[in-house]
Amino acid sequence: MSEYIHYFWVGFDFMGRIPLLRNACVALVIVIRRLTASLRSGGSFFEAYHIAKGNFYIHGAIQFGPRSIPLKDIRSIQVHRVRGRYGSGNRYMVYLERKRGRTITVIVGESARNCRLMESLRADTRKYGIKVYGDIS
């Protein structure tokens, strides 16, 4: 059994030394995480989040912590528009304030699709009694 673990670590170390393979593995992990989140929620692969089945599903690949938050556990949502620096583009910072527990931060890039998604956020969460504050335009 230890031989297999040794062979695994040798192969893993070899892959880490080649930049192309390392970058390909990172890109593959990001795509797989986003794909599983979008399949679970039933939303589009290209959306930043999706509200369905009484949950707020986060599709972002770089999201630590829970990626599915029940809407009944969210007290309020704050949206702030952040200007990008050095050509990185503008973004939305979405803060999901939970009734108990930590506030969850979601970073959403600004595009035409995401702007429409952010504008519909207030209407989508109204029936759950969630207040939405901030710069939604």
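Up top you'll find the structure we're talking about.
Residues numbered from 1 in each chain as written. Predicted model: local features only at pLDDT ≥ 70, side-chain atom pairs only at ≥ 80, totals over all residues. Heavy atoms only, no water.

One open sheet accounts for three strands, arranged β1-β2-β3; its pairing is antiparallel. Taken across any chain shown, the strands that pair with only one partner, and hence form the sheet edges, are β1 (49–52) and β3 (68–70). The mean angle between the axes of side-by-side strands here comes to 20°, regardless of whether they run parallel or antiparallel. (Pairing = 2+ DSSP bridges. Helix = DSSP H or I, 4+ residues; strand = E, 2+ residues; numbered from the N terminus. Axes fitted to C-alpha atoms, helices over the stretch in contact; angles between N-to-C directions.)

For the rest of this paragraph, the subject is the layout of surface pockets. Of the voids in this model, the largest pocket is the one considered here, and its volume is about 300 Å³. Lining the largest pocket we find Ile-30, Arg-34, Ala-48, Ile-58, Gly-60, Ala-61, Ile-62, Gln-63, Phe-64, Thr-105, Val-106 and Ile-107. Of all the elements in the fold, those that place two or more residues in the lining of the largest pocket are α2 (19–41) and β6 (104–109). Looking at the lining of the largest pocket residue by residue, the class counts come to eight nonpolar, three polar and one charged. (1 Å grid on protein atoms, 1.4 Å probe; cavity = no way out; pocket = protein on both sides within 12 Å on 5 of 7 lines; lining within 4 Å. Points joined across faces, edges and corners; volume = space filled by probe spheres on them. Nonpolar A, V, L, I, M, F, W, Y, C, P; charged D, E, K, R; others polar.)

Here we take up the pattern of salt bridges. Opposite charge on two side chains allows them to pair when their charged atoms are near. Inspection of every chain in the model, using the stated rule, returns two salt bridges. For Glu-97, the salt bridge goes to Arg-75, with nearest N and O atoms at 3.3 Å. With Glu-97 in strand β5 (residues 91–98) and Arg-75 in strand β4 (residues 74–82), this residue pair connects regions lying 22 residues apart in the sequence. Look at Arg-75 and you get partly exposed, because its relative accessible area is 42%. Across the pair Glu-110 and Arg-81 runs a salt bridge whose closest N-O atoms are separated by 2.2 Å. A residue pair is termed long-range when its members are at least 10 positions apart, and Glu-110 in the loop between β6 and α3 (112–119) and Arg-81 in strand β4 qualify at 29 residues. Using a relative accessible area of 38% as the deciding quantity, one classes Arg-81 as partly exposed. (Salt bridge = Lys/Arg side-chain N within 4 Å of Asp/Glu carboxyl O. Buried < 20%, exposed > 50% of the residue type's maximum accessible area, 1.4 Å probe, protein only.)

Judged from the four bridges that link them, β1 and strand β2 (residues 55–58) form a sheet pairing that is antiparallel. Bridged to Ile-51 within β2 is Phe-56. Linking β1 to β2, which pair antiparallel, is a turn of two residues; within it Lys-53 sits at a positive phi near 55°.

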